[in-house]
Amino acid sequence: MNCLSANLINQQSPYKVKIIEGSIEFYTDYGVHYGVEFVEDDALLSREAYHLNIVNANHRKSPNDPKVKDTIICIVDEFFKQNNTTLLYICDTGDNKQSMRSRLFERWFETYEGKWSFTFLSSSLLDEDNNVNYAAIILRNDNPYLKEIVDEFLETIQLLGNKPTT
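Because the structure is a prediction, the values reported are computed rather than measured.

*Asks:* Give a description of the overall build of the chain that names residues and reports values.
*Replies:* For the chain, the count of helices and strands is four helices and seven strands. Its helices and strands taken in sequence order, the chain reads α-β-β-β-β-α-β-α-β-β-α from the N to the C terminus. Computed over the C-alpha atoms, the radius of gyration of the chain is 16 Å, within 12% of the 15 Å expected from 2.2 N^0.38 for a compact globule of 166 residues. Along the first, second and third principal axes, the C-alpha set of the chain runs to 50 × 35 × 30 Å. Within the span of the chain, comprising 166 residues, buried residues form 43% of the whole. The long-range fraction of contacts in the chain, counting pairs at least 24 apart against all pairs at least 6 apart in sequence, stands at 55%. When the accessible area of the chain is evaluated, it comes to approximately 10,000 Å², of which 48% is carbon and sulfur surface.

So, in structure tokens, the structure goes:
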């Protein structure tokens, strides 16, 4: 992955970001500390891919703040300017708010003015404990492996959703 530049992100971002030990961090007007990371995936897809992790680092309640969305979009936009790879977004299930996170992320993507340059696919599936999990991929439409990656994502989702019963 090509390194991201805080200076380039900050040219567009409403919140000032800093890159600290590979994590992109920012604070909101409400004191919420966010960390954004791109972690290489070595299990889900065979082609180069990264998980997008968005973490509320200080666990403060976050009001509906459009500047958070705009900052995250600036970060993801810069990621794709530097990298023509796949971005995976898997919603955390630790607090049973994964459905809300998935809807929010999809809504953010729908408002992104450059969305027509990307393929966005999302899916949900049940795990062995009957928890609904949400996953999405985003990749540039000019990715030379677009069809292969989309097919692999869909096949993986289907395989994970059709687990054998014992």
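*Asks:* For the sheet that holds strand β4 (residues 49-56), give the residues involved together with the corresponding values.
*Replies:* In space, the seven strands of this open sheet follow the order β1-β2-β3-β4-β5-β7-β6, with mixed pairing throughout. Either end of the sheet is taken by a strand with one partner, and the two such strands are β1 (18-20) and β6 (118-126). The sheet shows a mean angle of 25° between the axes of neighbouring strands, direction not considered. Across five bridges, the pairing between strand β5 (residues 86-90) and strand β7 (residues 132-140) is antiparallel.

*Asks:* With reference to specific residues and values, describe the side chain of threonine 85.
*Replies:* Mapped onto the fold, threonine 85 is located in the loop between α2 (66-82) and β5. Exposure remark for threonine 85: the relative accessible area of 3% places this residue in the buried category. Here glutamate 48 takes part through its backbone oxygen, which lies 2.6 Å from a polar atom of the side chain of threonine 85. With near-sequence residues (within four places) excluded, threonine 85 lies in contact with Glu48, Ala49, Tyr50, Phe79, Phe80, Ile138, Leu139 and Asn143.

*Asks:* Account for helix α3 (residues 98-111), naming residues and giving values.
*Replies:* With 14 residues, α3 extends 20 Å from end C-alpha to end C-alpha; this agrees with the ideal 20 Å at 1.5 Å per step. Of all the positions in α3, only Gln98, Ser102, Phe105, Trp108 and Phe109 are classed as buried. Down the axis of α3, the smallest arc covering the buried residues is 125°, so these residues share one side. In α3, the exposed positions that point more than 90 degrees away from the buried face belong to Arg103 and Arg107. Buried residues along α3 sit against β4, α2, β5, β6 and β7.

*Asks:* Tell me about the pairing of β7, and name the residues and values.
*Replies:* Taken residue by residue, a regular strand's side chains alternate between the two faces of the sheet. For β7, the tally of buried residues reaches eight of nine residues, placing the bulk of the element in the interior. Bridging between β6 and β7 involves nine bridges; their strand directions are antiparallel. Bridge pairing in β7 places threonine 119 opposite leucine 139. Between β6 and β7, which pair antiparallel one after the other, the connecting turn spans five residues, and asparagine 130 there sits at a positive phi close to 65°.

What counts as what
- Residues numbered from 1 in each chain as written.
- Predicted model: local features only at pLDDT ≥ 70, side-chain atom pairs only at ≥ 80, totals over all residues.
- Heavy atoms only, no water.
- Helix = DSSP H or I, 4+ residues; strand = E, 2+ residues; numbered from the N terminus.
- Rg over C-alpha atoms; globule rule 2.2 N^0.38 Å.
- Buried < 20%, exposed > 50% of the residue type's maximum accessible area, 1.4 Å probe, protein only.
- Contact = heavy atoms within 4.5 Å.
- Areas by Shrake-Rupley, 256 points an atom, 1.4 Å probe, with all protein chains shown as cover.
- Pairing = 2+ DSSP bridges.
- Axes fitted to C-alpha atoms, helices over the stretch in contact; angles between N-to-C directions.
- Polar contact = N/O pair within 3.5 Å; in protein donor to acceptor, adjacent residues only side chain to side chain.
- Expected span 1.5 Å × (residues − 1).
- Arc of directions from axis to C-beta.

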